[in-house]
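One letter stands for each residue in the lines below.
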Amino acid sequence: MSRFADLVHGHLPHLRRYARALTGDVARADDLVQDTLERAWIKFHLWQPMLALRPWLFAIMHNLFVNQIRANARREHMPIGEDQSANLAVRPNQSDLLEVNDLIACLALLPFEQREVLLLVSLEDMSYSEVSEILGIPVGTVTSRLARARTRLRALLDGEGEKGSLKVIK
Amino acid sequence: MSIGPLREEDLHAYADCELDSARAAAIEDVLTRDSTAASLVDNLRAQKAMLHAAYDGILNEPVPHRLARRVHAKSGSWQYAAIVASLVIGTGIGWMLRDARDEQQRVVLPRHAAAAHAVFTPEVRHAVEVKAAEEAHLVRWLSKRLGARVRVPQLNALGYELLGGRLVPEAGRPGAQFMYQDSAGRRITLYLSTDVTNRDTAFRYTRENGLHVFYWIDRELGYALSGDIDKAEILRVARAVYEQLNP
């Protein structure tokens, strides 16, 4: 019991950061972290993880997240949390806070598969092979998906392409 | 050093430190001459910096108590709550979350399962009430009686054939037992109980009357796998059962 806690403890802040960026919602993110811990704890006591602990935990979170997406297939993009919806109309470069809100809103517009790869590499600083293990896809798919995600995010941040309900006030 | 035609992926791999030093040096050489490539790399780095600026604050946030509280309220598992509590607020306090009712449940489930195993496995002709040939009927019937979605794990790949199942009384409520048999005629049983007041996902082991019992509670059902084959073998089957019920 304490062995599990010892091992997982250091990964908790990273799981929370990733979940927050992935879901764009504070409550949903912590729900996802909790479900991940719960699932991890059971699996940990059934058999020792085959992967190193970090990719193993992130893989559990990925599976739970994908299940949620499938369960709510109507939703193509994740909902933008309440705290950001007030800032949907943003003035570019007005302040750091608005830049962050803009980034969060743009991330939400990426297909979730692209968002996952982007965040695991760019935010969690994982190697391509680690990401390939976590998501269960070939490294080649990681690299092509990553390039698409970054190109799309850049276009969205530059105000190109449709932003859905996001309006940029000039 | 020639690196052949430059692909966009190479620039990403360079910015992500995925290249060996020789290849990275070759890319650096290209970047001094190719301003388009250089600006792409700058942009990738800026994107990374932006993501870190937006989200790194979370790393320093205290892990919210909400996590621990929710776990306690939802699962009622003192062991699990203790783990999360120890993650969140330090070791020691977990014992305060111990729930006497859960404790009782933890003892009762494997005991009942082992008793039902001992009663029915010696039966030759009447080991089960509904035979495996009528599996669909068995599942519908038991789901209806237990008021829960009952599923029968398939253990053929592990060498255990389903013989069938039966309804059993479990603390005044309907419970169920599935019986499996290997080629040597050794039997294991999976016991399902609806007498669970809390969602408790802990996976536990005990010995009851010489039987090895692995048991856990998953949402509205308690499960117990019993057998007198060796412990590692029962564990192997229990893992398979759990995985099938929680794909």
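Residues numbered from 1 in each chain as written. Chains lettered and ligands numbered in written order. Predicted model: local features only at pLDDT ≥ 70, side-chain atom pairs only at ≥ 80, totals over all residues. Heavy atoms only, no water.

**Overview of the overall build of chain A**
Operational definition: Comment: elements are numbered from the N terminus, with helices defined as DSSP H or I runs of at least four residues and strands as E runs of at least two. Relative accessibility thresholds used throughout: buried, under 20% of the residue-type maximum; exposed, over 50%; partly exposed, between the two (1.4 Å probe, protein chains only). Residue contacts follow a heavy-atom distance rule, with two residues in contact if any of their heavy atoms lie within 4.5 Å. Per-residue and other accessible areas were derived by the Shrake-Rupley procedure at a 1.4 Å probe size, with only the shown protein chains allowed to occlude residues.
Helix and strand content of chain A: nine helices and two strands. Within chain A, the proportion of its 170 residues that are buried is 55%. Taking the intrachain contacts of chain A between residues at least 6 apart in sequence as the baseline, contacts between residues at least 24 apart amount to 70%. Summed over its atoms, the accessible surface of chain A is roughly 7,400 Å², and 52% of this surface lies on carbon and sulfur atoms.

**Comments concerning the overall build of chain B**
Secondary structure summary: chain B contains nine helices and seven strands in total. Expressed as a percentage of the 247 residues in chain B, the buried residues total 49%. Intrachain contacts of chain B at a sequence separation of at least 6 include 55% that bridge at least 24 residues. Accessible surface for chain B amounts to roughly 12,000 Å². Of this, 51% is attributable to carbon and sulfur atoms.

**Comments concerning the side chain of Arg187(B)**
All names here are of chain B. Let me state the cut-off plainly: The positive count covers Lys and Arg only, the negative count covers Asp and Glu only, and His and the chain ends enter neither. Any Lys or Arg side-chain nitrogen found within 4 Å of a carboxyl oxygen on Asp or Glu counts as a salt bridge. Within 3.5 Å is the distance limit for a polar contact, defined as a pair of N or O atoms, with the added protein rule that one can donate a hydrogen and the other accept it, and that residues adjacent in sequence qualify only through two side-chain atoms.
Along the chain, Arg187 turns up in strand β4 (residues 187-193). It turns out Arg187 is buried and unbridged, and the closest side chain with the opposite charge, Glu123, is 7.6 Å from it. Separated by 2.7 Å, the side chains of Arg187 and Gln181 make a polar contact. Setting aside anything within four residues of it in sequence, one finds Arg187 in contact with His117, Phe120, Thr121, Pro122, Glu123, Val124, Ala127, Leu163, Met179, Tyr180, Gln181 and Gly227.

**Here we look at unusual backbone geometry**
The phi dihedral of Asp125(A) is positive, around 55°, even though this residue is not glycine. Among the structural elements, Asp125(A) can be located in the loop between α7 (112-122) and α8 (128-135). Despite not being glycine, Asn209(B) shows a phi value in the positive range, around 50°. Within the element layout of this structure, Asn209(B) appears in the loop between β5 (203-208) and β6 (211-218).

**Comments concerning the pairing of β5(B)**
Residues and elements named next belong to chain B. Applied cut-off: Two strands qualify as a pair provided DSSP detects at least 2 bridges between them.
One ladder, built from six bridges, connects β5 with β6; its direction is antiparallel. Considered in β6, the bridge of Thr206 is made with Val213. Linking two consecutive strands that pair antiparallel, namely β5 and β6, is a turn of two residues; a positive phi of about 50° is found at Asn209 within it.

**Some details on the environment of Ile188(B)**
Residues and elements named next belong to chain B. Examined against the element boundaries, Ile188 turns out to sit in strand β4. In the structure, Ile188 is positioned 49 residues away from Val237 in sequence and 9.3 Å away in space, judged by C-alpha atoms. Setting aside chain neighbours within four positions, we find Ile188 in contact with His117, Tyr160, Phe178, Met179, Tyr180, Ser226, Gly227, Ile229, Ile234 and Val237.

**Structural notes on the confidence of the model for chain B**
Residue and element names in this part refer to chain B. The line we're drawing: pLDDT measures the predictor's confidence residue by residue and takes values from 0 up to 100.
Of the residues in chain B, 78% have a pLDDT of 70 or more, and the chain-wide mean is 80. Ranking the elements of chain B by mean pLDDT puts helix α5 (residues 65-75) last with 44 and β4 first with 94. Contacts of residues 68-76 to residues separated by more than four positions or lying in other chains number 22 contacts, the stretch itself having pLDDT below 50. For this predicted complex, the interface confidence score (ipTM) comes to 0.79, while the overall pTM stands at 0.55.

**A look at helix α8 (residues 135-146) of chain B**
All names here are of chain B. Note the cut-off: Multiply 1.5 Å by the residue count of a helix minus one, and that product is the helix's expected span. To obtain the arc, one takes the directions from the helix axis to the C-beta atoms.
Taking 1.5 Å per residue as the helical rise, α8 with its 12 residues ought to reach 16 Å, and the 16 Å between its terminal C-alpha atoms agrees with that figure. Leu138, Leu142, Ser143 and Leu146 are the residues of α8 that are buried. Along the axis of α8, the buried positions cluster into a sector of 120°, meaning they face one direction only. The exposed residues of α8 that point more than 90 degrees off its buried face are Ala136, Arg140 and Lys144. Summarising the contacts, the buried residues of α8 are in contact with β1 (130-131), β2 (161-170), β3 (173-181), β4 and β7 (221-227). Note on α8: the residue one or two positions beyond its end, Gly147, has a positive phi of about 65°.

**Some remarks on the sheet that holds β4(B)**
Residue and element names in this part refer to chain B. The criterion, for reference: Lines are fitted to the C-alpha atoms to define the axes, a helix being fitted only along its stretch in contact, and any angle between axes, read from their N-to-C directions, falls within 0 to 180 degrees.
With antiparallel pairing, the seven strands of this open sheet are ordered in space as β1-β2-β3-β4-β7-β6-β5. With partners counted over all chains shown, the strands left at the sheet margins are β1 and β5, one partner each. Pairing of β2 with β3, which is carried by nine bridges, proceeds in the antiparallel orientation. Bridge pairing in β3 places Leu162 opposite Tyr180. Contacts from α8 reach β1, β2, β3, β4 and β7 within the one sheet, and its direction differs from that of β2 by about 20°. Sheet contacts for helix α9 (residues 231-245): β4, β5, β6 and β7; angle to β6, the most-contacted strand, approximately 20°.

**A short note on helix α3 (residues 35-55) of chain B**
Within an α-helix, residues lying three or four positions from one another point in the same direction, as the helix has 3.6 residues per turn. Residues and elements named next belong to chain B. In this model α3 runs 30 Å from its N-terminal to its C-terminal C-alpha over 21 residues, within 8% of the 30 Å that 1.5 Å per residue would give. Looking at α3, one finds that the buried residues are Ala37, Leu40, Val41, Leu44, Gln47, Lys48, Leu51, His52 and Tyr55. Looking straight down α3, one finds its buried side chains confined to an arc of 130°; they lie on one side. Exposed side chains of α3 directed beyond 90 degrees from the buried face belong to Ser35, Thr36, Asp42 and Ala53. Of the residues that open α3, the one with a side-chain oxygen 3.0 Å from the backbone nitrogen of Thr36 is Asp34.

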